[in-house]
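Remarks on the overall topology
Each chain, letter by letter, is given below.
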Amino acid sequence: MKKFCPYLFCLILVLLASAARAEEGFTHDAAAFGPAPIPLAEQGLQTVVAAPLRTVSSDRHILEGAVFDRAGTLYFCDVTGRKILTLTPENRLAEHVAFEEFAPSGLAFGPDGRLFVAAKDLTGTKGYILAVSGPEKTVDVIVDADRGFLPNDLVFDARGGIYFSDCKGSSTVSGGGIVYLAPDLKTFTTVIPAMGQANGVALSPNDSVVWATEYAREQLHKATVRDSTELVPFRSHIPYRFVGRGPDSMRVDADGNVYVALMSQGRVLIFNPNGFPIGQILLPGRDRGENLLSTSLAIHPRKKEVRIVSSNPAQSGSADAVVFTAPAFAPGIMPNR
């Protein structure tokens, strides 16, 4: 009986310690407290902190829709200012085109070299796809509001067709989805239906997988397709559900990794081609509630570099809209122009 006494004594100490902790109650964990805590399951990921590259505005403008051209110039939307801006490799900022009646949110270069734009009217209730071309920056309406779509982002496949997100619905109401506009720019096919605010859309390097984010339901969709619009049986699923707001724009690198900008979290979450998280990019100041409106990103087509566009919410001490830079796992997919 004596040899069991030490074990019994240890058990009593453990029980007493547990009771003491229970009496103390809960305390805030520093890792889970603040304006944008990182979920426990994502705290162990490879993590880098982005660096500010260029301040675009100090008037709380919302930035969106970042893409690179082949020369390494970054194009992105100033949604608040209703314009598209460029940032050269030499870090020179310029206005590319301004709109009177449209607020742009997504960009993609078409096979003919035109810059295609997902946009809404100033009420946010009517959606368009536009195309900007030539030195005069001529604007053509490709998809008019009478089609009933609310395009938010878009991407071209190798055939010259466009996948775009129709950002309708809510967390409890299915509304939009991912739509394919054929190369004739006339034929529409819904590829992923019944989504709650479809937002980001991207393609795998060989165009066989359509990736999409569902903003209101905080989900990542992966759909394998054939002939651009036909879902392969048993190959459409949701590999990841996000914690907190809100999966926004997304891009894919040359290795097939998927980068998702998290609006209101000041970070980018990175997934491998199977949809497993493998890394994250944090924006500086996020612990203080700054740079949280990280809406979009672009991956350089020749370098392992990412540009992230972000802004600040009304309660933030900063009003800056900023372009950030960070490393990537691989270069981006070469754009059409």
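These notes cover the structure that comes with them. Given the structure is predicted, the values throughout are model-derived calculations rather than measurements.

**As for the sheet that holds strand β9 (residues 127-133)**
- Within the open sheet, the four strands sit side by side as β7-β8-β9-β10. Their pairing is antiparallel. Single-partner strands in this sheet number two, and they are β7 (102-109) and β10 (138-143). Taken over all neighbouring pairs, the strand axes of this sheet differ in orientation by 30° on average, direction set aside.
- Bridging between β9 and β10 involves five bridges; their strand directions are antiparallel. Its bridge partner being in β10, Leu 130 is matched across the sheet by Val 141.

**Let's talk about the sheet that holds strand β18 (residues 230-241)**
- The sheet built from four strands is open, its strands ordered β15-β16-β17-β18 with antiparallel pairing. Unpaired on one side and paired on the other, β15 (198-203) and β18 mark the two borders of the sheet. The mean inter-strand angle of the sheet, taken between neighbouring strand axes irrespective of direction, is 20°.
- As paired strands, strand β17 (residues 219-226) and β18 are joined by six bridges and run antiparallel to one another. Looking across to β18, one finds that Lys 222 is bridged to His 237.

**Examining the layout of surface pockets**
- Taken as a whole, the largest pocket holds about 590 Å³ of empty space.
- Within the residue set of the lining of the largest pocket, elements represented by two or more residues are β3 (63-68), β7, β11 (151-156), β15, β19 (247-252) and β23 (293-299).
- Split into classes, the residues belonging to the lining of the largest pocket amount to 21 nonpolar, three polar and three charged.
- Counted as a void, the second largest pocket has a volume near 320 Å³.
- Glu 64, Ser 105, Lys 120, Asn 152 and Asp 248 are, among the 19 residues lining the second largest pocket, the residues nearest its centre.

**Things to note about the pairing of strand β24 (residues 305-311)**
- For β24, the buried fraction is high: six of the seven residues fall into the buried class.
- Bridge count between β23 and β24: six bridges; the pairing is antiparallel. The residue of β24 that forms the bridge with Ala 298 is Arg 307.
- Where β23 folds back onto β24 in an antiparallel hairpin, the turn is made up of five residues.
- In terms of strand pairing, β24 meets strand β25 (residues 321-327) through six bridges, oriented antiparallel.

**Digging into the side chain of Glu 64**
- Relative to the assigned elements, Glu 64 resides in strand β3.
- Nearest to the buried, unbridged Glu 64 among oppositely charged side chains is Arg 251, at 6.3 Å.
- Within the local environment of Glu 64, its side chain forms a polar contact with the side chain of Ser 249, the two groups lying 3.3 Å apart.
- In contact with Glu 64, other than residues within four places in its own chain, are Phe 76, Cys 77, Val 79, Ser 105, Asp 248, Ser 249, Thr 295, Ser 296 and Val 309.

**A look at the nonpolar core**
- With 16 residues, the main nonpolar core has Tyr 75, Ile 84, Phe 99, Leu 107, Leu 115, Val 117 and Leu 130 as its most contacted residues.
- Going through the elements one at a time, β4 (74-78), β7, β8 (115-121) and β9 are the ones with two or more residues in this core.
- Apart from the residues lying within four places of it in its own chain, the contact partners of Leu 115 are Tyr 75, Ile 84, His 96, Leu 107, Ala 108, Phe 109, Leu 130, Ala 131 and Val 132.

**Some details on the environment of Leu 292**
- Within the secondary structure, Leu 292 is located in the loop between β22 (277-282) and β23.
- Sequence separation between Leu 292 and Gly 266 is 26 residues, and the spatial gap between their C-alpha atoms is 3.8 Å.

**Re the packing of aromatic side chains**
- This model, assessed by the stated rule, comprises 11 aromatic pairs.
- Ring centres of Phe 102 and Tyr 128 lie 4.9 Å apart, and the angle between their planes is 70°; on these two criteria the pair is classed as edge-to-face. Placement of the pair is Phe 102 in strand β7 and Tyr 128 in strand β9, with a sequence separation of 26 residues. The pair formed by Phe 102 and Tyr 128 is uniform in burial state, with each residue classed as buried.
- Here Phe 149 and Phe 164 contribute two aromatic rings whose centre-to-centre distance is 5.2 Å and whose plane-to-plane angle is 80°, an arrangement assigned as edge-to-face. Within this pair, whereas Phe 149 is found in the loop between β10 and β11, its partner Phe 164 is found in strand β12 (residues 162-166), the two being separated by 15 residues in sequence. Summarising the burial analysis for this pair, Phe 149 and Phe 164 share the class buried.
- Among the aromatic residues, those joined into a ring-pair cluster are Phe 99, Phe 102 and Tyr 128.

**A word on the pattern of salt bridges**
- This model, assessed by the stated rule, comprises 13 salt bridges.
- Residue Asp 227 is joined to Arg 159 by a salt bridge in which the shortest nitrogen-to-oxygen separation is 3.6 Å. Taken as a pair, Asp 227 in the loop between β17 and β18 and Arg 159 in the loop between β11 and β12 lie far apart in primary sequence, 68 residues in all.
- Given the relative accessible area of 52%, Asp 227 is considered exposed.
- Residue classification places Arg 159 among the exposed residues on the basis of a relative accessible area of 54%.
- Taking the shortest distance from any N to any O, the salt bridge between Glu 214 and Arg 217 comes out at 3.1 Å.
- Residue class for Glu 214 comes out buried when judged on its relative accessible area of 2%.
- Judged by relative accessible area, which is 25%, Arg 217 ranks as partly exposed.
- Because the salt bridges share partners, they merge into one network encompassing Asp 112, Arg 114 and Asp 140.

Cut-off values and rules
Residues numbered from 1 in each chain as written. Predicted model: local features only at pLDDT ≥ 70, side-chain atom pairs only at ≥ 80, totals over all residues. Heavy atoms only, no water. Pairing = 2+ DSSP bridges. Helix = DSSP H or I, 4+ residues; strand = E, 2+ residues; numbered from the N terminus. Axes fitted to C-alpha atoms, helices over the stretch in contact; angles between N-to-C directions. 1 Å grid on protein atoms, 1.4 Å probe; cavity = no way out; pocket = protein on both sides within 12 Å on 5 of 7 lines; lining within 4 Å. Points joined across faces, edges and corners; volume = space filled by probe spheres on them. Nonpolar A, V, L, I, M, F, W, Y, C, P; charged D, E, K, R; others polar. Buried < 20%, exposed > 50% of the residue type's maximum accessible area, 1.4 Å probe, protein only. Lys, Arg positive; Asp, Glu negative; His and termini not counted. Salt bridge = Lys/Arg side-chain N within 4 Å of Asp/Glu carboxyl O. Polar contact = N/O pair within 3.5 Å; in protein donor to acceptor, adjacent residues only side chain to side chain. Contact = heavy atoms within 4.5 Å. Core = buried A, V, L, I, M, F, W, Y, C linked by side-chain atoms within 4.5 Å. Phe/Tyr/Trp six-rings, centres within 6.5 Å; stacked < 30°, edge-to-face > 60°.

Shape is all these values report; function is a separate question.
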